[in-house]
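# Descriptive structure summary
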Amino acid sequence: MPFRDLDFNLTDEEKSIRDTVRKFGAEVMRPAGIELDKLADPADVIAEGSVLWDVFKKYREMDFHKRVLPKTMGGMAGELSPMASFLIGEEQGYADAGLAISLGVAGMPFAYCAMSPDPELQSWARDYAEDYDCKLIGCWAITEPDHGGDWSLGGEDPACGPSCKAVLKGDEYIITGQKSAWVSNGTIASHAVLHVSLDPSRGMRGQGLAIIRLDLPGISRGAPLDKIGQRPLNQGEIFFDEVKIPKNWMVLTPDPAREPVEGGLSGPNGSMAVTFGGLAKAAFDE
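First, a word on scope: everything that follows refers to the structure included in this document. (Residues numbered from 1 in each chain as written. Predicted model: local features only at pLDDT ≥ 70, side-chain atom pairs only at ≥ 80, totals over all residues. Heavy atoms only, no water.)

### With respect to empty space enclosed by the protein
What counts is decided by this rule: Here the term cavity refers to a set of points on a 1 Å grid, laid over the protein atoms alone, in which a 1.4 Å probe fits but cannot get out; the term pocket refers to an open set having protein on both sides within 12 Å along at least five of seven lines, with lining residues being those that place an atom within 4 Å of a point. Grid points are joined across faces, edges and corners, and a volume is the space filled by probe spheres set on the points. Throughout this entry, Asp, Glu, Lys and Arg are counted as charged residues, while Ala, Val, Leu, Ile, Met, Phe, Trp, Tyr, Cys and Pro are counted as nonpolar. The remaining residues, Gly among them, count as polar.
Applying the stated criterion to the full structure yields two cavities of 30 Å³ or more. Within this model, the second largest cavity holds a volume of roughly 30 Å³. Every residue along the wall of the second largest cavity is listed here: Pro42, Val45, Ile46, Pro224, Leu225, Arg231, Leu233, Asn234 and Gln235. Residue composition of the lining of the second largest cavity, grouped by class: six nonpolar, two polar and one charged.

This is the structure in structure tokens:
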């Protein structure tokens, strides 16, 4: 019996998925990425009529956005083998790493919604599964101007805690602070996975995790970030000024949060290795 992690023999289904994504990458993602990369203004990347939206819609037409959701929420999680998921990430990275990240992070808030027992959040997950018009787009609002990878260190030093804070008042949390310009999908997202400080005395271990709609009063955005690379990937600041959210939107609080929050970091970071493995192969082929 082969050791799974070293068995590179693909099933017919895995080969079919690989070939489908490879075709999508060659015919849709790569040409769009080249076109978007040449736009001088990053605001034009996300403008109405941009080829970016063709990429999003064609991706969802293939139902790949449903990979993050269980069957009970209208998704297809569990139907694909781990190897198939790796192949999808690798082929997308080969086509255009920036677009691969944008497509992937778009589902993050809804994946958390699917794990929540709250009916409202579960309905957001189901709505995402059926959203082929790309009205629902997620972002991962973790990075702050003064906090990058130190979120994963889990230290209890109050001086190193999150700057974006949430205070519980009655049945609502009130959020104040900023997320940095490196938030992927930051200026186009409808929903966010939002990391906040709930207990400043515990530093990073005092963080909480909220799923939040980004059309609420008090939320504003910065301009799309102008970058040297990955220009097809929209990124930008998000500002929170006394933003009120229902208590049930805070899906993780400090006591049980440490392991899930760190798992939430290791998952996307691990997928980046696969995505940029694909990019490395593309560079080698070029």
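### Regarding the nonpolar core
Applicable threshold: What makes a nonpolar core is a set of buried Ala, Val, Leu, Ile, Met, Phe, Trp, Tyr and Cys residues whose side-chain atoms join them at distances within 4.5 Å. When accessible area is computed with a 1.4 Å probe and restricted to protein chains, residues below 20% of their type maximum are described as buried, those above 50% as exposed, and intermediate ones as partly exposed. Comment: elements are numbered from the N terminus, with helices defined as DSSP H or I runs of at least four residues and strands as E runs of at least two.
Of all hydrophobic cores here, the largest spans 73 residues; its most connected members are Ile175, Ile212, Leu214, Phe240 and Ile245. Per element, the largest residue contribution to this core is seven residues, and it comes from helix α1 (residues 12-37).

### With respect to the pattern of salt bridges
Under the convention used in this document: Salt bridges are counted wherever a side-chain nitrogen of Lys or Arg sits within 4 Å of a carboxyl oxygen of Asp or Glu.
Going through the model one piece at a time under the given rule, you end up with 13 salt bridges. The salt bridge partner of lysine 179 is glutamate 144, with a shortest N-O separation of 2.9 Å. Highlighted residues: lysine 179 in strand β3 (residues 172-179) and glutamate 144 in the loop between β1 (138-141) and β2 (165-169), separated in sequence by 35 residues. Assessed through its relative accessible area of 2%, glutamate 144 is described here as buried.

### What to know about the packing of helix α4 (residues 82-95) against helix α5 (residues 97-105)
Where we set the bar: Helix axes use the C-alpha atoms of the stretch in contact, all axes being lines fitted to C-alpha atoms, and the angles between their N-to-C directions lie in the range 0 to 180 degrees. The labels follow the angle: roughly parallel below 35 degrees, roughly antiparallel above 145, roughly perpendicular from 65 to 115, and oblique for the rest. Any two residues having at least one pair of non-hydrogen atoms within 4.5 Å are treated as being in contact.
It is at 6 Å that the axes of α4 and α5 come closest, and there the two elements cross at 135°. Considered as vectors, α4 and α5 are oriented oblique to each other. Residue-level contacts link Gln92, Gly93 and Ala95 of α4 to Ala97, Ala100 and Leu103 of α5. Classifying every residue of the contact of α4 with α5 gives four nonpolar, two polar and no charged.

### Notes on the pairing of strand β7 (residues 238-246)
Selection rule: Strands qualify as paired when DSSP identifies two bridges or more between them.
Pairing between β3 and β7: seven bridges, direction antiparallel. When the bridges of β7 are listed, isoleucine 174 appears paired with lysine 244. Taken together, the three bridges between strand β6 (residues 219-221) and β7 define a ladder with antiparallel strand orientation. Bridge assignment links serine 220 to a residue of β7, and that residue is phenylalanine 239.

### A closer look at the environment of valine 251
Within the element layout of this structure, valine 251 appears in strand β8 (residues 250-252). For valine 251, a relative accessible area of 26% translates into the label partly exposed. Ignoring any residue separated from it by four or fewer positions in sequence, one finds valine 251 in contact with Leu121, Leu209, Ala210 and Ile211.

### What about the side chain of glutamine 207?
Put simply, the test is: As used in this structure description, the phrase polar contact means that two N or O atoms lie within 3.5 Å; if the pair is within protein, one of them must be able to donate a hydrogen and the other to accept it, and residues adjacent in sequence are counted only when both atoms belong to side chains.
Residue placement: glutamine 207 occurs in strand β5 (residues 207-213). A polar contact is formed between the side chain of glutamine 207 and the side chain of histidine 195, at a distance of 3.1 Å.

### With respect to helix α6 (residues 108-115)
Most of α6 is tucked away: seven of the eight residues are buried. For α6, the full list of buried residues reads Met108, Pro109, Phe110, Ala111, Tyr112, Cys113 and Ala114.

### Some remarks on the packing of aromatic side chains
The test is simple: The pairing test for Phe, Tyr and Trp rings, Trp by its six-membered ring, is centres within 6.5 Å, and the orientation test on the planes gives stacked under 30 degrees, edge-to-face over 60, and tilted for anything in between.
All told, the structure shown has five aromatic pairs when counted by the stated rule. Ring centres of tyrosine 59 and phenylalanine 64 lie 6.1 Å apart, and the angle between their planes is 45°; this geometry places the pair in the tilted category. Judged by relative accessible area, phenylalanine 64 falls into the buried class, the value being 8%. Ring centres of phenylalanine 110 and tyrosine 128 lie 4.4 Å apart, and the angle between their planes is 5°; on these two criteria the pair is classed as stacked. With phenylalanine 110 in helix α6 and tyrosine 128 in helix α7 (residues 119-129), this pair connects stretches of sequence that are 18 residues apart.

### What to know about the state of the cysteines
So the rule is basically this: Cysteine sulfur atoms that come within 2.5 Å of each other are treated as a disulfide pair.
Taken as a whole and judged by the stated rule, the model has zero disulfides. Note on cysteine 113: no disulfide assigned, nearest cysteine sulfur contributed by cysteine 139 at a separation of 12 Å. Since its relative accessible area comes to 0%, cysteine 113 is described here as buried. Cysteine cysteine 160 is unpaired, with the sulfur of cysteine 164 as its nearest cysteine sulfur at 17 Å.

These values are about where atoms sit, not about what they do.
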